[in-house]
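# Summary of the model geometry
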Amino acid sequence: MTMDFLNPVTTQTWINGRHAVRCVKVIQETWDVRTFCFMAEQPVLFFFKPGQFVTLELEIDGEPIMRSYTISSSPSVPYSISITVKRVPGGRVSNWLHDTMKVGDELTVHGPVGNFNSIDFPADKVLFLSGGVGITPLMSMTRWLFDTNANVDVEFIHSARAPRDVIYHRELVHMFSRIPEFKLHIVCEHKDDIGEAWAGYRGYLTQPMLELMAPDFLEREIFCCGPTPYMNVIKRILRDNGFDMSHYHEESFGATPLDVREDVLELAEQAEAEAEEIVYADLLSVEFVNSGKSVRIQPGETVHSAAAKLGLHIPKACGMGICGTCRVPLASGQVEMEHNGGITDEDIAEGYILSCCSKPLGDVVVEY
């Protein structure tokens, strides 16, 4: 790579959208976790808020698949982005990345998006709580604070299954050994299942353990990411102690919860039962102007479902307004959009919507 890559005249700034990138490095973090580093073919400064995520556009066995991953690198290293992926038994995308992705491979990413970030919630004292691979957004935040010499008091508590499962262990120890205001605590659930010595905290994170590590945890801005049971325990501890939950933030991206799936099935059954009672005059028109197609839908249906009825494939990954993959321009009309951080205020001001969670309030025209 030549120094022409750093030419400020040709370098572009990353904005939320679709971008082609190339894998430039693969790092084995632990026995089942790898970090994949990407750069753009055309110079791009990857500016984003630490904690945000991207959605990968992949093709596996001839099938297009979208999957979202937190950016684990920091915007203080702006010419590349990294994702850290844990191999999961039966995980189609994670296993494909581990087995197939190599230096030189190209793919497309969408983003960055996400409300879970340290920029929108600045504080002088923060507490980072992570479990397993949930460390990735908090690592991005920590790297950012370290690289920018931020005057922030950081307590970082990470829980792992065993010593060999602690992701970024050496880097964490390095950073936290150089700044007195940064304090690191690692908890290992199992200490002797693989014959490793461990002198740190053992078991599962409890309130007494939390009080030992961060006695002033109720006075801190808290960022939490990990398995759902882990985050539920944290929230219960905080609520039991009267913590102001407006200062608690968690990464909520993940599989659709069971109760949501059950609600969807119930709504589908209701819709089928009420189908015969539909009044044509009550239907709303959704026109996809670029495709020259239109359809009439019931109030409460989404723009994405309208497209599906016409055989139009608007890419999506989460279906919950998180990943931002299904963003499309709204040419005319109004929608009710209940998203979960997958679109920015700037995008909304420019007329974009997320089709998966946008319900027309009347006749609408979409540029797709």
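Structure's up top.
What counts and how
Residues numbered from 1 in each chain as written. Predicted model: local features only at pLDDT ≥ 70, side-chain atom pairs only at ≥ 80, totals over all residues. Heavy atoms only, no water. Pairing = 2+ DSSP bridges. Helix = DSSP H or I, 4+ residues; strand = E, 2+ residues; numbered from the N terminus. Axes fitted to C-alpha atoms, helices over the stretch in contact; angles between N-to-C directions. Contact = heavy atoms within 4.5 Å. Core = buried A, V, L, I, M, F, W, Y, C linked by side-chain atoms within 4.5 Å. Buried < 20%, exposed > 50% of the residue type's maximum accessible area, 1.4 Å probe, protein only. Phe/Tyr/Trp six-rings, centres within 6.5 Å; stacked < 30°, edge-to-face > 60°. Arc of directions from axis to C-beta.

Sheet architecture is open: 6 strands sit in the order β6-β5-β8-β2-β3-β7, paired in antiparallel fashion. What marks the edges here is a single partner per strand, and that holds for β6 (63-70) and β7 (81-86). Strand-to-strand, the axes of this sheet are offset by a mean angle of 40 degrees, without reference to chain direction. In this sheet, strand β8 (residues 106-113) lies alongside strand β5 (residues 53-60) in antiparallel orientation, the contact comprising 4 bridges. Each bridged residue has a counterpart across the sheet, and for Leu56 the counterpart in β8 is Val109.

Our focus in this paragraph is unusual backbone geometry. Residue Gly111 is joined to Pro112 through a cis peptide bond whose omega torsion reads 5 degrees. Along the polypeptide, Pro112 turns up in strand β8. Phi angles above zero are rare outside glycine, and Asn149 is one such case at about 55 degrees. The phi torsion at Tyr168 lies on the positive side, around 65 degrees, for a residue other than glycine. Take Tyr168: it is sitting in the loop between β10 (153-160) and α3 (169-178).

Further remarks concern the side chain of Arg143. Counting through the fold element by element, Arg143 comes out in helix α2 (residues 135-147). Beyond its immediate stretch of four places on either side in the chain, Arg143 contacts Ser72, Ser73, Ser74, Ser76, Tyr168, Glu171 and Met175.

Pairing within the open sheet is parallel, and its 6 strands lie in the order β12-β11-β10-β9-β13-β14. Looking along the sheet, the strands with just one partner apiece sit at the ends: β12 (201-202) and β14 (248-250). The sheet strands contacting α2 are β9 (125-131), β10, β11 (182-188) and β13 (221-225), and the helix crosses β9 at an angle near 145 degrees.

With that out of the way, let us pick up the nonpolar core. The biggest cluster of nonpolar side chains holds 24 residues, and the ones touching the most others in it are Trp14, Phe38, Leu56, Ile83, Leu97 and Leu107. If you list the elements that add at least two residues to this core, you get β2 (17-30), β3 (33-40), β5, β6, β7, α1 (92-100) and β8. Other than its neighbours up to four places away in sequence, Leu107 contacts His19, Ala20, Val21, Phe38, Leu56, Glu57, Leu58 and Met101. Ala307, Leu312, Ile314 and Cys356 belong to the second-largest nonpolar core, a separate cluster that totals 22 residues.

All right, on to the packing of aromatic side chains then. Following the criterion strictly, the structure yields 5 aromatic pairs and no others. Look at Phe128 and Phe156: their rings are 5.8 Å apart centre to centre, the planes differ by 85 degrees, and that puts the pair in the edge-to-face class. Remark: Phe156 occurs in strand β10 and Phe128 occurs in strand β9; sequence separation between them is 28 residues. As far as the burial class goes, Phe128 and Phe156 line up, both buried. Considering the side-chain rings of Phe176 and Phe182, the 5.4 Å spacing of their centres and the 50 degrees angle between planes classify their relative orientation as tilted.

Glancing now at α3. Of all the positions in α3, only Leu172, Met175 and Phe176 are classed as buried. Taken end-on, α3 shows its buried residues confined to a sector of 90 degrees, consistent with a single buried face. What points out from α3, more than 90 degrees from its buried face, is the exposed set Arg170, Ser177 and Arg178. Buried positions along α3 lie against α2, β10 and β11.

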